[in-house]
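# Descriptive analysis of the structure
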Amino acid sequence: MSFGETPITVIGNLTADPELRFTPSGAALAKFTIAATPRTYDKDSGKWTDGTATFFRCAAWRQLAEHVADSLTKGSRVVAFGRIRQHNWQTPEGENRSMLALEIDEIGASLRFTTVAIAAKRPATPASDDAWGATADGPAAKSGDEPPF
């Protein structure tokens, strides 16, 4: 993140499946919308009430975009971190328009109301090069070794 950018964390639900596209140069771009709806508990009625939803149009790029498209679907509850971007354009009629959007740096499923299974998509690393795979007695190369914690 660069100096002067506006960081933001949004918790909400996807309003539709992410749309995955590719630029002419081959960069992946996932576009999606997160709806963040505040809820408050009314002690007098004993019920939860929904406030006004705020909709955040989001974009994720490259490998993150592909992971978003492969992992998230309409209704997925997510925690997303990114930065606000303003987009300005002119309509064919000559009218100036602008909108705020969220460029996503990190996103993951919220575990508040569900569980998920994580499937790592990283290349295998030899145990001697993997600091997390090392124990006090040496590399944890054999299956069945106890983790170091």
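For the structure itself, consult the block above.
Note that the coordinates shown come from a computational prediction; the quantities given were computed from them, not determined experimentally. (Residues numbered from 1 in each chain as written. Predicted model: local features only at pLDDT ≥ 70, side-chain atom pairs only at ≥ 80, totals over all residues. Heavy atoms only, no water.)

### Section: the overall build of the protein
The following threshold applies: By the criteria applied, helices consist of DSSP H or I runs no shorter than four residues and strands consist of E runs no shorter than two, each listed in order from the N terminus. Any two residues whose heavy atoms approach within 4.5 Å are treated as being in contact. Calculation of accessible area relied on Shrake-Rupley with a 1.4 Å probe; when residues are assessed, cover is drawn exclusively from the protein chains displayed.
Broken down by element type, the protein carries one helix and 10 strands. For the protein, the α and β elements follow one another from N to C terminus as β-β-β-β-β-β-α-β-β-β-β. A fraction of 56% describes how many contacts in the protein between residues 6 or more apart in sequence connect residues 24 or more apart. Within the structure as shown, the protein displays about 11,200 Å² of accessible surface, and the carbon and sulfur contribution to it stands at 52%.

### So, the side chain of Thr33
Going by this rule: Each residue's exposure class comes from its accessible area (1.4 Å probe, protein chains only) as a fraction of the maximum for that residue type: buried when under 20%, exposed when over 50%, partly exposed otherwise. We define a polar contact as two N or O atoms separated by no more than 3.5 Å, with the added condition that, inside protein, one atom must be a possible hydrogen donor and the other a possible acceptor, whereas residues neighbouring each other in sequence contribute only through side-chain atom pairs.
Topologically, Thr33 is positioned in strand β3 (residues 28–36). Residue classification places Thr33 among the buried positions, given a relative accessible area of 15%. At a separation of 3.0 Å, a polar atom in the side chain of Thr33 contacts the side chain of Arg57. Contacts of Thr33, omitting those with residues within four sequence positions, involve Asn13, Leu14, Thr15, Phe55, Phe56 and Arg57.

### Things to note about the pattern of salt bridges
Heads up, the condition is: Salt bridge, as used here: a side-chain nitrogen of Lys or Arg that lies within 4 Å of a carboxyl oxygen of Asp or Glu.
Applying the stated rule across the entire model yields six salt bridges. Between Glu19 and Arg21 there is a salt bridge, with the nearest N and O atoms lying 2.9 Å from each other. Overall, Arg21 belongs to the partly exposed group, its relative accessible area being 44%. Residue Glu103 is joined to Arg83 by a salt bridge in which the shortest nitrogen-to-oxygen separation is 4.0 Å.

### Overview of the pairing of strand β5 (residues 47–50)
Rule in force here: When DSSP finds two or more bridges between a pair of strands, those strands are recorded as paired.
In terms of strand pairing, strand β4 (residues 39–42) meets β5 through four bridges, oriented antiparallel. Residue pairing in the sheet places Asp42 in a bridge with Lys47 of β5. What sits between the antiparallel neighbours β4 and β5 is a turn of four residues, in which Gly46 has the positive phi angle 75°.

### Some remarks on the environment of Leu64
Mapped onto the elements of the fold, Leu64 is located in helix α1 (residues 62–71). With near-sequence residues (within four places) excluded, Leu64 lies in contact with Ile104, Asp105, Glu106 and Ile107.

### Focus on the nonpolar core
Using the following cut-off: By nonpolar core we mean a set of buried residues, namely Ala, Val, Leu, Ile, Met, Phe, Trp, Tyr and Cys, connected to one another through side-chain atoms within 4.5 Å.
Counting 18 residues, the largest nonpolar core has Phe32, Ile34, Ala60, Val68, Ile104 and Ile107 as the members making the most contacts within it. Counting only elements with at least two residues in this core, the list comes to β1 (7–14), β3, β6 (54–61), α1, β7 (77–90) and β8 (96–109). In contact with Ile104, other than residues within four places in its own chain, are Phe32, Cys58, Ala59, Ala60, Leu64, Ala80, Phe81 and Gly82.

### Side note on the environment of Thr9
Mapped onto the fold, Thr9 is located in strand β1. For Thr9 and Glu106, which are 97 residues apart along the polypeptide, the C-alpha to C-alpha distance reads 9.4 Å. Excluding residues that lie within four positions of it along the chain, Thr9 makes contacts with Val79, Ala80 and Phe81.

### Notes on unusual backbone geometry
Positive phi, close to 55°, is recorded for Arg62, a residue that is not glycine. The class of Arg62 is exposed, set by a relative accessible area of 54%.

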